Amino acid sequence: MNEDFTSIGRNISSLTRMMRMYYDRGLEAYRIGWGQQFFLQYIYEHPGRMPQELTERFHVDKGTTTKVLKKLCAEGYVAIEVDKRDHRVRIIQPLKKAEEAVKQIRMLHQQLHQILTDGMSEAECDAMEQSLEQLRIRLRNELLQGHISHTSGAERNCNE
């Protein structure tokens, strides 16, 4: 196995765990965390969405979306209403309480960006963002195409 790939995966995994901790700590007073903050900010910025839209947007299963929405409802950040035109459809609306939490989420985003890019030039930041985006797209495409098997992945070169 290519050692660079191991290093890339290990670093991404470590960053993800630390980012989760950062958001969980920063949102503790709001009784939400890493998993809910993405949904809450999106609902706040795009009111009137349906649960299925969130499932597709965040590439999660319906159960995860249901669990997140249940938590956000219980904490008083969103309300789920029945669509007046089609009673089978549920619409998610942010509540007033969401505004303060979203301000905190945005502040945490800005602080984290500053922490991660401190001392980097704009060109270095742009290059890093492009590289990460390429990695995300490659892996998403591989997963969508179903090319990953249980045995063949070990010999793959990360430069392919």
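Cut-off values and rules
- Residues numbered from 1 in each chain as written.
- Predicted model: local features only at pLDDT ≥ 70, side-chain atom pairs only at ≥ 80, totals over all residues.
- Heavy atoms only, no water.
- Axes fitted to C-alpha atoms, helices over the stretch in contact; angles between N-to-C directions.
- Helix = DSSP H or I, 4+ residues; strand = E, 2+ residues; numbered from the N terminus.
- Left-handed = near helix turned anticlockwise from the far one by under 90°.
- Contact = heavy atoms within 4.5 Å.
- Nonpolar A, V, L, I, M, F, W, Y, C, P; charged D, E, K, R; others polar.
- Polar contact = N/O pair within 3.5 Å; in protein donor to acceptor, adjacent residues only side chain to side chain.
- Buried < 20%, exposed > 50% of the residue type's maximum accessible area, 1.4 Å probe, protein only.
- Core = buried A, V, L, I, M, F, W, Y, C linked by side-chain atoms within 4.5 Å.
- Parallel < 35°, antiparallel > 145°, perpendicular 65-115°, else oblique.

Here we come to the packing of helix 2 (residues 34–45) against helix 5 (residues 97–117). Closest axis-to-axis distance for the helix 2/helix 5 pair is 10 Å, and the angle between their directions is 120°. Helix-helix and strand crossings are classified by hand; for helix 2 and helix 5 the assignment is left-handed. Residue-level contacts link Q37, L40, Q41, Y44 and E45 of helix 2 to A98, E99, A101, V102, I105, R106 and H109 of helix 5. Here the residues of the contact of helix 2 with helix 5 are counted per class, giving 6 nonpolar, 3 polar and 3 charged.

Next up on the list: the side chain of D83. The residue D83 is located in the loop between strand 1 (78–82) and strand 2 (90–94) in this model. Within the structure, D83 has its side chain in polar contact with the backbone nitrogen of R85 (distance 2.8 Å). Among all residues touching D83, those that are not within four sequence positions of it are V89 and I91.

Bringing the side chain of T65 into the picture now. Looking at the element boundaries, T65 is found in helix 4 (residues 62–74). We classify T65 as buried; its relative accessible area is 2%.

In terms of nonpolar packing, the biggest core is built from 23 residues, with I32, L40, L72 and Y77 touching the most fellow members. Mapped onto this core, the elements with two or more residues apiece are helix 1 (3–26), helix 2, helix 4 and helix 5. Ranked by residues supplied to this core, first place goes to helix 5 with 6 residues. With residues near it in sequence (within four places) discarded, L40 still touches I32, L72, Y77, V78, A98, A101, V102 and I105.

Interaxial distance between helix 2 and helix 4 falls to 10 Å at its minimum, and their mutual angle equals 75°. Between helix 2 and helix 4, the crossing angle belongs to the class labelled roughly perpendicular. Along the contact surface, helix 2 presents G35, Q36, F39, L40 and I43, while helix 4 presents T65, V68, L69, K71 and L72. In terms of residue class, the contact of helix 2 with helix 4 is made up of 6 nonpolar, 3 polar and 1 charged.

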